[in-house]
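Survey of secondary and tertiary structure
Spelled out from the first residue to the last, the chains are:
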Amino acid sequence: YIPFNTGVHMKTPAPLPPQHLLFQKKVLPFNIIAASCFAQTPNETVSLYDVCSTRDGNIVVSDPDNSCLRIATGTGENSKKITGRLKEACQPKAVAYDSTHDRALVSLHHNEEYSLGRVKIGRKIAFKEMKLGKNVNPIAIASASCTSGGACCYVTVWPKSGDFSVHRLDCNGKFGGKLDVVKIPQGIDYHDSRYLVISDLKEGYLLKTTPEGKALWDKHADARTPGILNQPFGVVILPNEYVAVTESGNHRVSIFSDIGNLVVRFGRKGSDPGEFNNPQGICLHSSNQLIIVDAGNRRLQIFSLESLELLQCD
């Protein structure tokens, strides 16, 4: 599944050496939240696309089919579910948490116009919109703290012109430069040590780079091998600076070390716990949990980093 038609042929995944099979692991989630739990009426069909987590423990999920954000106050079965309605007929897709301003950032598509929404989550949902124009199609968002003390975000962009790139925007949505470091950027995350990790949808690999575009992983690292990933979608940097990425094409999650070596893979196509059907958004929750949008199965699967043996650094 590719969220938009890029008009570019995706790279066929490269055959991997047999030892890579050793990295496949069966991992079960400690909890699953079905999309139907967010429905406001028995007949409402909820779609799930991307996810982020706030400092208060709220889980924010975009629902493009219903023009809203779905919010859970935690990962437990009894967590409260809230629906935040946005502009009518808009499609919210990518979401990210801006810790500097304690708000969610969300990409919006409405009547051929693209924008970023700033959403304050409390007893009521406060929503403000930043227009981006007709030729700036934001695919994924990474919020960042800037050296000036303010905040900015990095957005992977798929314009109609085909000039795929990563844009840097300030806290008001003003353009501040772009990076042309991969063929088709998809998922993205930012670390406060001033680096980004970006997935290349076309070539099927990850790139760790400075905001200025300097590659930080060795060119022979597993993560930089073209075709090691099949339609990489969401990217998240873990507390030990390992990187987790959802693979929509392989219906699994792959995790790489801080130097880009493959550490573990889990999941396969299916609907049982620990299996996926088109996994998309991914985020870190409460510093020790991994939340994955299992879009095809219409659910969130929540995994403990302890079960993946990823709480300690090497």
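Look a little higher up for the structure.
Calculation rules
- Along each chain, the written sequence defines residue order, and numbers are assigned to residues from 1.
- Residue-level local features of this predicted model are given only where pLDDT is at least 70; pairs of side-chain atoms are given and counted only at 80 or more, and the full residue set underlies all totals for whole chains, interfaces and linings.
- Hydrogens are left out, water is left out, and the side-chain values use all remaining heavy atoms of the structure.
- Strands are runs of DSSP state E lasting at least two residues, helices are runs of H or I lasting at least four, and both sets are numbered from the N terminus onward.
- Partly exposed describes any residue whose relative accessible area lies between the buried limit of under 20% and the exposed limit of over 50%, with all areas from a 1.4 Å probe on protein chains only and scaled to the type maximum.
- Contacts: residue pairs with any heavy atoms within 4.5 Å of one another.
- We get accessible surface area from the Shrake-Rupley algorithm with a probe of 1.4 Å; when it comes to residues, only the shown protein chains can shield them.
- We define the nonpolar core as a collection of buried residues of types Ala, Val, Leu, Ile, Met, Phe, Trp, Tyr and Cys that are connected through side-chain atoms lying within 4.5 Å of one another.
- We call two strands paired when DSSP finds no fewer than two bridges between them.
- Comment: axis = line fitted to C-alpha atoms, over the contacting stretch for helices; angle = value between 0 and 180 degrees taken between N-to-C directions.
- In summary, the pairing rule links any two rings of Phe, Tyr or Trp, Trp by its six-membered ring, whose centres are within 6.5 Å, and it sorts them by plane angle into stacked for under 30 degrees, edge-to-face for over 60 and tilted for everything else.
- Should the NZ of a Lys or the CZ of an Arg lie within 6 Å of a ring centre and within 35 degrees of the ring normal, that charge is described as sitting over the ring.
- For this analysis, a salt bridge means a side-chain nitrogen from Lys or Arg found within 4 Å of a carboxyl oxygen belonging to Asp or Glu.

Our next topic: the overall build of the chain. Tallying secondary structure elements over the chain gives zero helices and 24 strands in all. For the chain, buried positions account for 57% of its 314 residues. Across the chain, every contact between residues at least 6 apart in sequence was considered, and the portion connecting residues at least 24 apart equals 45%. Element-wise, carbon and sulfur atoms account for 47% of the exposed surface of the chain, whose accessible area totals about 13700 Å².

Attention now goes to the nonpolar core. Core analysis: the biggest nonpolar cluster contains 16 residues, and Leu238, Ala244, Val253, Ile255, Phe266 and Leu290 have the highest contact counts within it. Grouped together as the second largest cluster of nonpolar side chains are 15 residues, Val46, Leu48, Val61 and Ile302 included.

Once that is clear, we can look at the environment of Leu169. Mapped onto the elements, Leu169 comes out in strand β13 (residues 165-170). Not counting residues up to four positions away in its chain, the partners in contact with Leu169 are Leu116, Leu132, Cys152, Cys153, Val155, Lys174 and Phe175.

One open sheet holds the four strands; their spatial order is β3-β4-β5-β6, and the pairing between them is antiparallel. Either end of the sheet is taken by a strand with one partner, and the two such strands are β3 (51-53) and β6 (81-85). Between one strand axis and the next, the sheet turns through 25° on average, direction left out of account. Here strand β5 (residues 68-72) runs beside β6; their pairing, made up of five bridges, is antiparallel. Counterpart to Ala72 in the pairing with β6 is Lys81.

Attention now goes to the packing of aromatic side chains. Counting across every chain of the model gives six aromatic pairs. Measuring from ring centre to ring centre gives 6.0 Å for Trp158 and Phe164, while their planes differ by 80°; the resulting arrangement is edge-to-face. Neither Trp158 nor Phe164 differs from the other in exposure class; each is buried. Both rings, one in Phe276 and one in Phe303, keep their centres 6.1 Å apart while their planes meet at 45°; by these two values the pair is tilted. You can see Phe276 sitting in the loop between β21 (262-266) and β22 (279-285) and its partner Phe303 sitting in strand β24 (residues 299-304), a full 27 residues away along the chain. The exposure class assigned to Phe276 is buried, which follows from its relative accessible area of 0%. One cation-aromatic arrangement involves Lys208 over Tyr195; the distance from NZ or CZ to the ring centre is 4.3 Å.

This model, assessed by the stated rule, comprises 14 salt bridges. Between Arg299 and Asp294 there is a salt bridge, and its shortest N-O distance comes to 2.7 Å. For Arg299, a relative accessible area of 9% corresponds to the buried category. Residue Asp294 is classed as buried on the basis of its relative accessible area, which comes to 0%. Linked by salt bridges that have partners in common, Glu44, Asp63, Arg70 and Arg85 make up one network.

Read from one edge of the open sheet, four strands run β2-β24-β23-β22, paired in antiparallel fashion. The two strands at the open ends of the sheet, each matched to only one other strand, are β2 (31-34) and β22. Shown here is a sheet whose adjacent strand axes are inclined to one another by a mean of 20°, direction ignored. With six bridges connecting them, strand β23 (residues 289-294) and β24 associate as antiparallel partners.

Attention now moves to the pairing of β23. The buried fraction of β23 amounts to six of the six residues, a majority that puts the element mostly inside the structure. Of the two faces of β23, both are covered, the one formed by Gln289, Ile291 and Val293 as well as the one formed by Leu290, Ile292 and Asp294. With five bridges joining them, β22 and β23 adopt antiparallel strand pairing. Its bridge partner being in β23, Leu284 is matched across the sheet by Leu290. Between β23 and the antiparallel strand that follows it, β24, lie four residues; Arg298 among them carries a positive phi value of about 50°.

The next thing to look at is the pairing of strand β7 (residues 91-98). For β7, a buried count of seven out of eight residues is recorded, marking the element as mostly surrounded by other parts of the structure. Where β7 meets strand β8 (residues 103-110), six bridges bridge the pair, whose relative direction is antiparallel. Bridge pairing in β8 places Val95 opposite Val106. Here β7 folds back onto β8 in antiparallel fashion, the turn holding four residues, of which Asp102 has a positive phi close to 50°.

With a phi angle near 55°, Gln231 is a residue other than glycine that sits in the positive phi range. Mapping Gln231 onto the fold places it in the loop between β17 (205-209) and β18 (232-237). For Asn278, which is not glycine, the phi dihedral falls at a positive 65°. Tracing the backbone shows Asn278 in the loop between β21 and β22.

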